[in-house]
Every structure is written in C-alpha cells, then in structure tokens.
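# Chains, contacts and geometry: an overview
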Amino acid sequence: MSTIEARADGTRVVSTIAELRGLVAAERRGGASVAFVPTMGALHDGHLALVARARELADLVIVSIFVNPLQFGPGEDLDRYPRTLDADVAALAPLGVEFVFAPSTGEMYPDGPSSTRVVAGEVGGLYEGASRPGHFDGMLTVVAKLLHIVAPDVVVFGQKDAQQVFLVRRMVHDLDLPLEVEVVPTVREPDGLALSSRNRFLGAAERSTALVLSEALAAAADAASDGVDEALAEAVAAFGDHDGAELDYFVIVDPGTFLPVAADASGPALALVAARVGATRLIDNRPIELG
Ligand code: AMP
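What you see as residue numbers is a count from 1 along each chain, following the sequence as written. Local features in a predicted model are, by the rule used here, given only for residues with pLDDT of at least 70; side-chain atom pairs are given and counted only at 80 or more, and totals for whole chains, interfaces and linings are based on all residues. To obtain the side-chain values, all non-hydrogen atoms of the structure were used and water was disregarded.

## Points about a negative patch on the surface
Patch membership is restricted to residues that have no salt bridge and whose relative accessible area is over 30%. Joining uses 9 Å for like charges and 5 Å for the nonpolar side chains Val, Leu, Ile, Met, Phe, Trp and Tyr. Methods summary: accessible areas were calculated by the Shrake-Rupley approach with a probe of 1.4 Å, and residue burial reflects only the protein chains presented. We define a salt bridge as a side-chain nitrogen of Lys or Arg found within 4 Å of a carboxyl oxygen belonging to Asp or Glu. The charge count includes Lys and Arg as positive and Asp and Glu as negative, but it does not include His or the ends of the chains. Lysine's charge is taken at NZ, arginine's at CZ, aspartate's at CG and glutamate's at CD. On the surface, a cluster of negative charge is contributed by D222, D226, D229, E230 and E234. Considering each element in turn, the negative patch owes the most residues, three residues, to helix α11 (residues 228-240). The secondary structure listing takes helices from DSSP runs of H or I that are at least 4 residues long and strands from runs of E that are at least 2 residues long, numbered from the N terminus. By the secondary structure assignment, E230 is in helix α11.

Pasting the structure below:
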C-alpha cells in the first residue's frame, strides 16, 4: 500500500522519509527551491502565517506534522497533545502546500529514542529548559533530523517560541547547516492572547486568566524606560490581578546572548514569560526598549 496519499487539491501527505526524499529530489532536479515549516500539528492561524511566509519564499512548501516525544519530559502533555491531522491537511491545502510530512514515531525513531542528541548548551538549560529538562536537546535533535530529511533552502519558525528560535539559529550557525532561518512575528487573538495549540485546553474562565501573560509583557514594556527592576516589578504585579495563573518565570534577556540583562542595561531587550493556567502551561514574549 502506498504511504503517499494524493489530495485532489494537490497537497500530498507523505509518511516515510524515503518517499519524501524522493519527491523533493525530483522537484530539485526541476530547479525548485524549498521552504520548510516544522510543526507539531493542531494548526492555527499562527502556524498558517508561517506557511504563508514560506509560500512567498520558495517554489515548493513542505510542512511537517510530528509530535516529537524527545522534547516532552515525564509527566508533560505528550499523551494529551492534540492530534488533528485531517483538519490540519484541510487547513494547509488552500495555502498551496505541496507536501505534508507526517511520519509516525517509529519512522522517525525506529530504534526507540535516539541516543545521539544535539546538545543545546547553557541557554538550553534556562527558562523553558529549566522548567522542561531535556526539552531543547530533544527539540534541536528532531529539527536537525527534519532539516537533513527535507534539506530546505529556508526553514520558517515563529517568534512565539523565542528561545527555540535563538537555539535553532545557533545550531544552524554552529553546525554550518546550509540554509536560511526565517522568523515570523507572533500571531495573537484580538485581545492579545498569543495563539497556541494548547489554548484549546483553556476553559472560559482560564481563557480570560490567560490574558495575564500578554498583560504582564505590556506592563513590562510600559515600564521599560524606567529600567530593568521597574519593568520586572510591573510584570510580576500584573500577575497579582489574576487568580488562577501561576507564574513560572518572567525574565528580560539580551536578544544577542539570550542571557538575563544586567540591572543597569539599556536598549533593545526581550521579555519572556511562562505561566500555568489551570493544567495548561503557556509562554509568550515581547521585544522591549530599556531606558
Ligand atoms: P508548534 O506546532 O507549537 O511546535 O509550533 C510550530 C511553529 O509554529 C513554531 O515555529 C512556532 O513558533 C510557530 N508558532 C506557534 N504559535 C505561533 C503564533 N501564535 N504565532 C506565530 N508562530 C507561532
């Protein structure tokens, strides 16, 4: 039985590495350039903004949908992570995506979890990495695998996952991967909530509580001209207004190093926040200008 399913509108779902490589090689022989968007599925308008950007950048657009077990820790939400392949393919087809690469876990890790890993280093152990040990090694390992499988000219990521973007850019630089990294701004709901596959888990009250993340970032941005301590104080104070949100971290980092800025820092910086709303862990970030 073929593992390639032809869709009437031209989007093909491919589930094996060998078949995807064959299809991409054939397109390459015809001179096509390739843009690649890695995702874990449960697609929303944030993902689709990445795909629309990819469509502008290359002849061929490939989207992967793979919930990578390597980047989930024990007790995290791997089992309950939403899997909605049919709806995802239906959302991608109108955007003119040629191939959806949706491998099984066995296809990606035929020998079980790979023992060879890409190591994210010091920044990989901070913020998201401190709360989710091993997360970034697992993320970089699957991204490296996918980049070797797809071999794109450009890979597109969302600014929503700022630490991921920093680490992927550094991996591409450190390992001399021959491709460009394109970053798309965070897509938000009209009220400021960053779109996330995990938002679907929020009940009505939690959905309103979840606004605390973007409100804390806005409070930090407003206070940033008064300095780092003031910005942090205002951000933490925003959490005082919302019962039911448990702050994990709020930090202001140097975009160049991704390390926390000094107390007397000035100029462009990035504010990062993570919080638990009910059982759902959410992250967000925003550029700020320190005075
Ligand atoms: P995920 O499926 O959560 O692994 O995300 C796949 C890609 O979509 C990553 O590059 C994310 O940063 C990006 N992404 C997720 N949410 C958003 C959003 N609200 N705006 C822009 N990009 C996003």
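Having seen it, we continue.
## Topic: the nonpolar core
If you look at the biggest cluster of nonpolar residues, it comprises 49 residues, and the most contacted ones within it are L20, I62, M108, F258 and L272. The element that contributes the greatest number of residues to this core is helix α7 (residues 135-150), accounting for ten residues. Should any heavy atoms of two residues lie within 4.5 Å, those residues are counted as being in contact. With residues near it in sequence (within four places) discarded, L20 still touches V14, I62, F99, F101, I149 and V150. In this description, a nonpolar core means a group of buried Ala, Val, Leu, Ile, Met, Phe, Trp, Tyr and Cys residues linked to one another through side-chain atoms lying within 4.5 Å. Only protein chains enter the accessibility calculation, which uses a 1.4 Å probe; a residue is then buried when its area is under 20% of its type maximum, exposed when over 50%, and partly exposed in between. Formed by 28 residues, the second largest nonpolar core is a distinct cluster that contains L217, A220, F239 and A245.

## Digging into the environment of V119
Summarising the element assignment, V119 is placed in the loop between α4 (105-108) and α5 (121-124). According to the relative accessible area criterion, V119 is exposed, its value standing at 65%. Along the backbone, V119 and M139 are 20 residues apart, and their C-alpha atoms lie at a distance of 9.7 Å.

## With respect to the packing of helix α1 (residues 17-29) against α7
Two measures define how a pair of helices packs: the angle their axes make with one another and the distance between the axes. Relative to each other, α1 and α7 sit at 45°, their axes nearing to 9 Å. By the angle between their directions, the pair α1 and α7 is classed as oblique. Here α1 contributes I17, L20, R21 and V24 to the contact with α7, which in turn contributes H148, I149 and V150. The residue makeup of the contact of α1 with α7, split by class, is five nonpolar, one polar and one charged. Only the contacting stretch of a helix is used when fitting its axis, a line to C-alpha atoms as for every element, and angles between N-to-C directions run 0 to 180 degrees. Orientation labels follow simple angle bins: below 35 degrees gives roughly parallel, above 145 gives roughly antiparallel, 65 to 115 gives roughly perpendicular, and whatever is left gives oblique. For this classification, the nonpolar set comprises Ala, Val, Leu, Ile, Met, Phe, Trp, Tyr, Cys and Pro, the charged set comprises Asp, Glu, Lys and Arg, and every other residue, Gly included, is treated as polar.

## Points about α11
Every helix has an expected span of 1.5 Å times one less than the residues it contains. Between the first and last C-alpha of α11 there are 19 Å, a value that for 13 residues agrees with the 18 Å anticipated at 1.5 Å per step. Listed in full, the buried residues belonging to α11 are V228, A231, A235, A238 and F239. Buried residues of α11, viewed axially, fall in a sector of 105°; they line one side. In α11, those exposed residues whose orientation departs by more than 90 degrees from the buried face are D229 and G240. Elements that come into contact with the buried residues of α11 comprise α10 (211-223), β8 (245-253), β9 (267-277) and β10 (280-290). The arc in question is the one traced by the directions running from the helix axis out to the C-beta atoms.

## Points about the sheet that holds β8
Across the sheet, which stays open at both edges, the three strands sit in the order β8-β9-β10 with antiparallel pairing between neighbours. The sheet is open, and its two edges are formed by β8 and β10, each paired on a single side. Looking at each pair of strands side by side, their axes are set apart by 15° on average, direction ignored. Note that β8 and β9 share eight bridges and pair antiparallel. Residue pairing across strands places I252 opposite A271, the latter belonging to β9. In the packing of α11 onto the sheet, contacts are made with β8, β9 and β10, and the angle to β8 comes to roughly 165°. Pairs of strands are assigned from DSSP output, requiring at least two bridges between the strands.

## What about the site of the ligand?
For this purpose, a residue is taken to be near a molecule or strand whenever a single non-hydrogen atom of the residue falls within 4 Å of it. The immediate surroundings of the ligand are formed by 17 residues, with M40, G158, D161, V187 and L195 found nearest. Here an oxygen atom of the ligand and a side-chain polar atom of H47 are 2.9 Å apart. N or O atoms within 3.5 Å of each other form a polar contact, as long as, within protein, one can give a hydrogen and the other can take it, and as long as residues adjacent in sequence are counted only when both atoms are side-chain atoms. One of the side-chain N or O atoms of D161 is found 2.6 Å from an oxygen atom in the ligand. Starting from 490 Å² of accessible surface for the ligand in isolation, the protein chains cover 92%. Looking at the shell around the ligand, the elements that each hand over two or more residues are β3 (34-39), α2 (45-57) and β6 (154-158).

## Some points on the pairing of β3
The element β3 is extensively covered by neighbouring structure, given that six of its six residues are classed as buried. Neither face of β3 is open: one carries V34, F36 and P38, the other A35, V37 and T39, and all of them are buried. Both β3 and strand β4 (residues 60-65) contribute to a ladder of six bridges, which runs parallel. Looking at the pairing, P38 lines up with S64 of β4. In terms of handedness, the path from β3 via α2 over to β4 forms a crossover that is right-handed. In this sheet, β6 lies alongside β3 in parallel orientation, the contact comprising two bridges. Following the sheet pairing, F36 is matched in β6 by V155. Clockwise travel from the first strand over the helix to the second, with the strands pointing away from the viewer, marks a crossover as right-handed.

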